[in-house]
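# A structural walkthrough
The residues making up each chain are set out below.
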Amino acid sequence: MNYIFGVIGGQSAGPQPTGAETVQKLCDRVASSTLLEDRRDAVRALKSLSKKYRLEVGTKAMEHLLHILRTDSSDTEILGYALDTLYNIVCNDEEEEPEENHQKQEDDMGVQFTDKFIQEPDNVTLLLTLLEEFDFHVRWPGVKLLTALLKNQCAQAQGIILVSPMGVSRLMDLLADSREVIRNDGLLLLQQLTKGNAAIQKIVAFENAFERLLDIITEEGSSDGGIVVEDCLLLLLNLLKNNSSNQNFFKEGSYIQRMKPWFEVGDDNSGWSAQKVTNLHLMLQLVRVMVSPVNSPGGTSSCQKAMFQCGLLQQLCTILMATGVPADILTETINTVSEVIRGSDVNQDYFASVNAPSNPPRPAIVVLLMSMVNERQPFVLRCAVLYCFQCFLYKNHKGQGEIVSTLLPSTIDANSISAGQLLCGGLFSSDSLSNWCAAVALAHALQDNLTQKEQLLRVQLATSLGKPPVSLLQQCTNILSQGSRVQTKVGLLMLLCTWICNCPIAVMHFLHNQDNVPFLTGQISENLGEDERLVQGLCALLLGICIYYNDNSLENYTKEKLKQLIEKRIGKENFVEKLGFVTKHELYSRAAQKPQPAFSAPEHMLFDHEFTKLVKELEGVITKAVLKSSEEEKKEEEVKKTIEQHDSIVTQYKELIREQDSQLKEMKEQMASLMLQNETLQNTTTQQLSQIQQHKDQYNILKLKLGKDNQQTGSQVDGAHVNGLQLEELSQLREQLEDLHRENQSLQTQLTEKDNVITSLVRKAEGVPSAEGSTSENTEILRQVEKLKAQLQSQTAEITQLQTERQELIGRYETRATVPVTGEDSGYSEKIAELESRLSTQNTETQKLKEEVKALLESKESMEKELASSTSTVAILQAEKNKLQKEVQDSKKEQDELLMLLADQDQKILSLKQKLEELGETIEDEDDLDTKDQFDEDDDDDEEEEDEEDDDE
C-alpha cells in the first residue's frame, strides 16, 4: 500500500521509475495480490495512468483488467475502475485538439486496442453481462466502453452482439434507466449499434423502441427539447431509413399520428434556437424517410394516406405558408411536402386548394412559383420549389390540365397572376436559371399527357406592340436561334423534346416552321466547344424525335427526306455520335439517380430526372430509325402488319374459346343439377319397385295357399266350358308374352348398337369436332332416341292390354269362386300364378329397357353439353328431359294403380275365404294361423320361413 502511494504521490530519493516500469509493477501487483484492497488500489492507479501512458497500459494491463472483470465481479468498485481504464485505452480523447498527425496516431491506437479486445468474443459477451449490474459505477463506464468499441470497429462488434443471447434486449433496457446520464449514453450506444445493420434494426424496433423514443421526445419538449431529442431522432432515422420492415411496423403501430404535434408552430416564429432548428430539421427528415420515392410504391402510398388522414400534411402546409420561419427549415419543409404529395391524388388535390394568407388570397402553388422565378431568392429554395412543383404534377393529369389551362386564351385573367403566366415569364427571363427552371416545370406539365401537349399548341404570345402574336412553340425556337446561354438552351431543348415526343401533331407544327430544321442541322454539323457538345446532342435528339414520330403529313419533311438530309449534311455516324453526347455527360448520371434536383451550384443545373428517363427510352429507337434504309422500313411495316393481322386472328380465336368455355361451364352446371335430379328420381323409383315386389310376393303366397284350400275340398262343379275358355285365353296371353319377349330382345340389341354409337361420339368429342359434324351426329342420336321411344310406347301399350286381359281373367275367376273348386280349377290357379310371374318378369324387363333408354338419353345430353355447339341442341335436350320426367311420372301412376289392384285382390281373396267358410268348407287351424301370421308379421326372416313351409306342403 505504501509502495503504491509512493509511486503515485510521494517523492523518493534516487532515480524515478519510467512510466512503463510503473505500469509493469502495477500489473504485477494486480496479478499477484491476494487481498481485494490491494488489487483495487492497483487498478485505480492504472486508471490514473491510462490517459498519459495509454500505450503502456493498453499493451500490458488489458489482460489483467479483463481477468479482474471475470473474477472480481462481486466488487462493483474495482469493476468500475477496470471499465474506466479500458475505456481510456480504446477511446480517443475528444476533449483536446491535438495536431492532425497526432490525432491520426491516437485513432489508430484506439482501433488496435479495440481489435485486441474483441478478438475474443467472450470479452464482449462479458461486457454485456456486466451491463445488467444496476450500480452506476459499473453500468455507466460499461455503456461508454461498448460505445467506443462500436465506434472503432462497428461491424465486428455488431456481429458479436447480434449472436449473443439477449444481447440487444440488454442494451434496450438502458432506455428505461431512471438516471438520465445512463439513458442518454444508452441512446448514443444504440445509435452506433444500429448503423447499417438491418437485422439489429429490426430487433431494436420489435423491442418497443419506437414507443420508448417517442415518449422520450414528448417528455423532453418535442422540437423545443434539447440534445436528447436530437439523439432520439437520429436513432429513429437509423431504424427507419432503407428498412421497409421497420417502416411498415412504424406505420401499422400508428406512430405517424404521433408526429403531428412536432410541427405545431406558433404565430411568433422569431428567435428560433439552433437546437430547435436542428430538431425540426431531423423531424422533417424522418417524415421524408417514410415517403421517400426509393421506398416501395405500396408502402409510400399508405404512409401518404395516413399523413393526410391524421392532419400531418395540413400542419406542414401551415409551416410552408407561415412567416418568420428560418430559410433552411422552410426549404426542408418544401421538400418534405413535395414527397408527401408525390403520386398521391388526394394529397395533390389538397395541396392545390391551399392558399397563402395574403390579401387577396393566392394559391400556394403561385406563391411558390414566384419564389422559383425570382433570381434574388436562395438557390436551394428555388430548387426545392421546383421539386415541389414536379411532385405536384407527378402522375396528376388533373393538375397538369389546370396548369396548362392558365395559358389558354379563354381562361387568362388579366387581374390576377396565374401559374402559367409565371412560367412563361420565367421562360423568357434574362436569368438563365429562371429559364431552365420554368422550362423544366412546363415540361412536367406535359409529361405523359398527349391532350395537354396538343392544348399547349394553342398558346399565343404577344411579343411586342404592332406585331402579330406568335405561338409558344415558335417563341421557344426563336430564343434558341438567338444564341442564348447554354443553360437556357438546354432547358428549352428539354421542353421541346418532351413536348413533341409521342405527339405527331406537335411534330408537324414544329416542322412547319421552315427555319427549325436548318437550325438543328447547323447546330449538329458544326464543330463547337466542349460546353456546346451537350447542346449538339440535344439538337440531335430533337431532330431524331421529328423523324421517329413523323406521320409524313408534310411533303417537304417526311421521314425519308429528313433521313436523306441527315445523311447529306451531317452523316449518319456523326449524327449517332452527337446523339451519344447526352448520356455521356457527367451530370446526366447524377440527375438520373433520384428525382430531387440536387445541384452544388446553379451552373450545374442541366438535366432533369424525368428527362433522363426519356433520353434512355428514345436513344436506341432513334438510332435504329436513322440508320435503317427505306427498304428495311417497308419490310418492317409489312412484318408489323402481318403480326397485327396474326394477333387479330389469335384474338378472335381467344374470344371464341372464352365464349365456348363459358358455355361449357354453364352446360356442366346444368348437367350437374340434372344428375342430382336423376339420382333422386332413381332412388324414388327403386323404393317404389321394392314396395311393389313385396306386395307381389305377398299376393303370390296368398294365391298358393288358396290353391291348397281348393285341393283339399272335394266339391264337383261342371266348369269345363269356362275352364276351356280360360285355357284358350291363357295360350293367347302366353303367345303375346313371347312376342313381347322377342321385341324386348330386339330393343336390347338396338340399345347395344346405340351405346356403340354414343361411345364413338364421345371419343370424337375428346378431340376438336367441327360444328357441322356435331350437329349431324346429334340429329342422328335424336332420331334413334325417338325410334326407341316409339317402340317403348308400343310395348307399354301392349303391357297395358295384357294387364287388362289379366284383370278380366281375375274377374272370371272370381265368378267361379262362389262354387266348389275342382282339380282342374287348381291347375287353372297354377296357370294364373305362372302368368303373374311372367307378367312381373316382363314388367322388370320393361323397366330395365326404360332405364337403358334413359341412360342413352343422358349420354346424349352429356355429349352435347361437352361439345357446346349450339344453344338449339340444348333446348332439344331440355325438352327431351321434360318428356322423360313426364314418363317417370306416368310410371309412378301405373305403379300406384298396380298397388291398388293388389290391395283389391287381397280383399277379394279374403272375401272368397269367408264365403268358403260360410258354405261349410273347413279350413285347418294351422293354415289359418299361417295365413294370419302372413298378414300380421312384417319381419323378412319370418316371411322366408313361411314360404319354405308352404313349399314343403
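Computed from a prediction, not measured in an experiment: that's the story for all the values here.

## Digging into the overall build of the protein chain
- Along the backbone of the protein chain there are 43 helices and 4 strands.
- Out of the 953 residues belonging to the protein chain, those deemed buried represent 47%.
- Once local pairs closer than 6 in sequence are excluded, the contacts in the protein chain between residues at least 24 apart make up 74%.
- Put simply, the protein chain shows about 48,100 Å² of open surface, and 50% of that area lies on carbon and sulfur atoms.

## A closer look at helix α9 (residues 154-163)
- Along α9, the residues classified as buried are Cys154, Ala157, Gln158, Ile160 and Ile161. When α9 is viewed along its axis, its buried side chains cluster within an angular range of 165 degrees and face the same direction. In α9, the exposed positions that point more than 90 degrees away from the buried face belong to Ala155 and Val163.

## Brief notes about the side chain of Arg342
- Mapping Arg342 onto the fold places it in the loop between α19 (327-341) and α20 (345-353).
- Take Arg342: its relative accessible area is 15%, and that puts it in the buried class.
- Beyond its immediate stretch of four places on either side in the chain, Arg342 contacts Pro293, Gln304, Gln348, Tyr387, Cys391, Tyr394, Pro595 and Glu610.

## Considerations on unusual backbone geometry
- Here Met166, not a glycine, exhibits a phi torsion of approximately 60 degrees, which is positive.
- If you trace the backbone, Met166 turns up in the loop between α9 and α10 (167-172).
- Of the residues examined, Met166 reaches a relative accessible area of 54% and is grouped as exposed.
- A positive phi angle is found at Lys395, which is not glycine, with a value near 55 degrees.
- Judged by its relative accessible area of 62%, Lys395 falls in the exposed class.

## Re the pattern of salt bridges
- Scanning the entire structure with this criterion turns up 17 salt bridges.
- Note that Arg39 is salt-bridged to Asp72, the shortest N-O span being 3.1 Å. Taken together, the residues span a long stretch of sequence, with Arg39 in helix α3 (residues 36-49) and Asp72 in the loop between α4 (54-71) and α5 (76-90) at a distance of 33 residues. The same class applies to Arg39 as to Asp72, namely buried.
- Arg183 is paired through a salt bridge with Glu220; the nearest N and O atoms lie 3.1 Å apart. With a gap of 37 residues between them, Arg183 in helix α11 (residues 180-193) and Glu220 in the loop between α13 (209-219) and α14 (227-240) connect regions that are remote in the sequence.
- Under the relative-accessibility criterion, Glu220 is labelled partly exposed at 26%.

## Let's talk about a negative patch on the surface
- On the surface, Asp890, Glu894, Asp896 and Glu897 cluster together into a negatively charged patch.
- Summarising the element assignment, Glu897 is placed in helix α41 (residues 871-918).
- Judged by relative accessible area, which is 52%, Glu897 ranks as exposed.

## A short note on the nonpolar core
- Counting 209 residues, the largest nonpolar core has Leu146, Leu171, Trp262, Phe263, Phe351, Trp499 and Leu541 as its most contacted members.
- If you tally residues by element for this core, the top one is helix α22 (residues 379-393), at 12 residues.
- When sequence neighbours within four positions are dropped, the list of residues in contact with Leu541 reads Cys497, Leu579, Phe611, Val615, Leu618 and Ile622.
- Membership of the second largest hydrophobic core comes to 6 residues, among which are Ile692, Tyr699, Leu898 and Ile909.

## What to know about a nonpolar patch on the surface
- Together, Ile649, Tyr653, Leu656 and Ile657 line one region of the surface with nonpolar side chains, adding up to about 390 Å² of accessible area.
- Inspection of the secondary structure assignment puts Ile649 in helix α37 (residues 630-712).

## Observations regarding the environment of Leu26
- Relative to the helices and strands, Leu26 resides in helix α2 (residues 19-32).
- Residues Leu26 and Ala42, spaced 16 residues apart in sequence, show a C-alpha to C-alpha distance of 5.6 Å.
- What Leu26 contacts, discounting residues up to four positions off in sequence, is Ala42, Ala45, Leu46 and Leu49.

## Some thoughts on the packing of aromatic side chains
- Tallied over the entire structure, the rule returns 11 aromatic pairs.
- With a centroid separation of 5.6 Å and 90 degrees between ring planes, the pair formed by Tyr588 and Phe607 is classed as edge-to-face. Taken together, the positions of Tyr588 in helix α35 (residues 586-591) and Phe607 in the loop between α35 and α36 (609-627) put the pair 19 residues apart, joining distant regions of the chain.
- Take Tyr588: its relative accessible area is 10%, and that puts it in the buried class.
- Ring pairing ties together the aromatic residues Phe206, Phe210, Phe249, Phe250 and Tyr255, which thus form one cluster.
- In this structure, Lys144 packs its charged tip against the face of Tyr87, placed 5.0 Å from the ring centre.

## Observations regarding the confidence of the model for the protein chain
- In this model, the protein chain carries an average pLDDT of 80, and 74% of its residues clear a pLDDT of 70 or more.
- Low pLDDT (under 50) marks residues 925-939, which in the prediction has 23 contacts with non-local residues, meaning those over four places away or in another chain.

## Some remarks on helix α18 (residues 312-321)
- Taken across its 10 residues, α18 has 8 buried, putting it largely inside the fold.
- Along α18, the positions that sit buried rather than exposed are Leu312, Leu313, Gln315, Leu316, Cys317, Ile319, Leu320 and Met321.
- Buried positions along α18 lie against α16 (274-290), α17 (297-309), α19, α20, β1 (355-356) and α21 (364-372).

## Let's talk about the side chain of Lys572
- If you trace the backbone, Lys572 turns up in helix α33 (residues 572-579).
- Not counting residues up to four positions away in its chain, the partners in contact with Lys572 are Ile566, Glu567, Val626, Leu627 and Lys628.

## A few points about the state of the cysteines
- In the structure shown here, the tally under the stated rule is 0 disulfides.
- Not part of a disulfide, Cys497 finds its nearest cysteine sulfur in Cys501, a span of 8.3 Å.
- Its relative accessible area of 0% is what places Cys497 among the buried residues.

What counts and what doesn't
Residues numbered from 1 in each chain as written. Predicted model: local features only at pLDDT ≥ 70, side-chain atom pairs only at ≥ 80, totals over all residues. Heavy atoms only, no water. Helix = DSSP H or I, 4+ residues; strand = E, 2+ residues; numbered from the N terminus. Buried < 20%, exposed > 50% of the residue type's maximum accessible area, 1.4 Å probe, protein only. Contact = heavy atoms within 4.5 Å. Areas by Shrake-Rupley, 256 points an atom, 1.4 Å probe, with all protein chains shown as cover. Arc of directions from axis to C-beta. Salt bridge = Lys/Arg side-chain N within 4 Å of Asp/Glu carboxyl O. Patch = residues over 30% accessible without salt bridge, like charges linked within 9 Å, V, L, I, M, F, W, Y side chains within 5 Å. Lys, Arg positive; Asp, Glu negative; His and termini not counted. Charge placed at Lys NZ, Arg CZ, Asp CG, Glu CD. Core = buried A, V, L, I, M, F, W, Y, C linked by side-chain atoms within 4.5 Å. Phe/Tyr/Trp six-rings, centres within 6.5 Å; stacked < 30°, edge-to-face > 60°. Lys NZ or Arg CZ within 6 Å of the ring centre and 35° of its normal. pLDDT = per-residue confidence, 0-100. Disulfide = S-S within 2.5 Å.

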